[in-house]
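Notes for the structure review
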Amino acid sequence: VQLQASGGGLVQAGGSLRLSCAASGITFSSYGMAWFRQAPGKERDFVAAISWAGGTTYYGSVKGRFTMSRDNAKNTVFLQMNSLKAEDTAVYYCALRRRGLISTTRSEYDYWGQGTQVTVSS
């Protein structure tokens, strides 16, 4: 199983980015997916998750600004990030859980992508 994250970059505060995570080597549509992020010197924290059926949940500070979606035909999940803030700066990782339901717990995810850097300048 491989997860390939992309779409990160440098953006000004208030701007938008769209992250993608493409999965290969697995029947993607049956499993839950998530995004976590890790800022320098901090733990890797939950951002958003989507179930096999498309149900979503979000970390409090990104609610209303971030939207996670999935395209099962393309084996890809997306994270649309709007109204970005300096505190959103981090490396963003996608993860796959070999169960269909949502989890916000890092240890419950079985596969991880390599991460993509998001930097928001204030």
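Before any of the text, the structure's been laid out above.
Every value quoted in this text rests on a predicted model; they were computed, and no experiment measured them.

Now for the environment of S51. Mapped onto the elements, S51 comes out in the loop between β5 (44-50) and β6 (56-58). Owing to a relative accessible area of 9%, S51 belongs among the buried residues under this scheme. A sequence separation of 27 residues divides S51 from F78, and the C-alpha atoms of the two residues are 13 Å apart.

With that settled, the discussion passes to the pattern of salt bridges. For the coordinates displayed, the defined rule picks out 5 salt bridges. In this structure, the salt-bridge partner of R106 is E43, at a minimum N-O distance of 3.6 Å. Placement of R106 in the loop between β9 (90-97) and β10 (111-112) and of E43 in the loop between β4 (32-38) and β5 is noted, with a sequence separation of 63 residues between them. For R106, a relative accessible area of 37% translates into the label partly exposed. By relative accessible area, E43 is classed as exposed at 53%. In this structure, R97 engages E108 in a salt bridge whose closest nitrogen and oxygen atoms are separated by 3.0 Å. Remark: E108 occurs in the loop between β9 and β10 and R97 occurs in strand β9; sequence separation between them is 11 residues. Relative accessible area serves as the criterion here: at 10%, R97 is assigned to the buried category. Taking relative accessible area as the criterion, E108 reaches 35% and is therefore assigned partly exposed. A single network of salt bridges, built from pairs that share partners, joins R37, R65 and D88.

Topologically, F46 is positioned in strand β5. Setting aside chain neighbours within four positions, we find F46 in contact with A34, W35, F36, T57, Y58, Y59, S103 and T104.

Okay, the packing of aromatic side chains next. One pass over the full model with this rule turns up 4 aromatic pairs. Residues F36 and F46 carry aromatic rings whose centres are separated by 5.7 Å and whose planes lie at 80° to one another, so their mutual orientation is edge-to-face. Note that F36 is positioned in strand β4 and F46 in strand β5, a separation of 10 residues in sequence. You'll find F36 and F46 in the same group, each marked buried. Members of the aromatic cluster, each reached through a chain of ring pairs, are F36, F46, Y109 and W112. Against the face of Y93 rests R44, its NZ or CZ located 3.5 Å from the ring centre. Its guanidinium or amino end placed over the ring of W112, R44 lies 5.1 Å from that ring's centre, counting from NZ or CZ.

About the cut-offs
- Residues numbered from 1 in each chain as written.
- Predicted model: local features only at pLDDT ≥ 70, side-chain atom pairs only at ≥ 80, totals over all residues.
- Heavy atoms only, no water.
- Helix = DSSP H or I, 4+ residues; strand = E, 2+ residues; numbered from the N terminus.
- Buried < 20%, exposed > 50% of the residue type's maximum accessible area, 1.4 Å probe, protein only.
- Salt bridge = Lys/Arg side-chain N within 4 Å of Asp/Glu carboxyl O.
- Contact = heavy atoms within 4.5 Å.
- Phe/Tyr/Trp six-rings, centres within 6.5 Å; stacked < 30°, edge-to-face > 60°.
- Lys NZ or Arg CZ within 6 Å of the ring centre and 35° of its normal.

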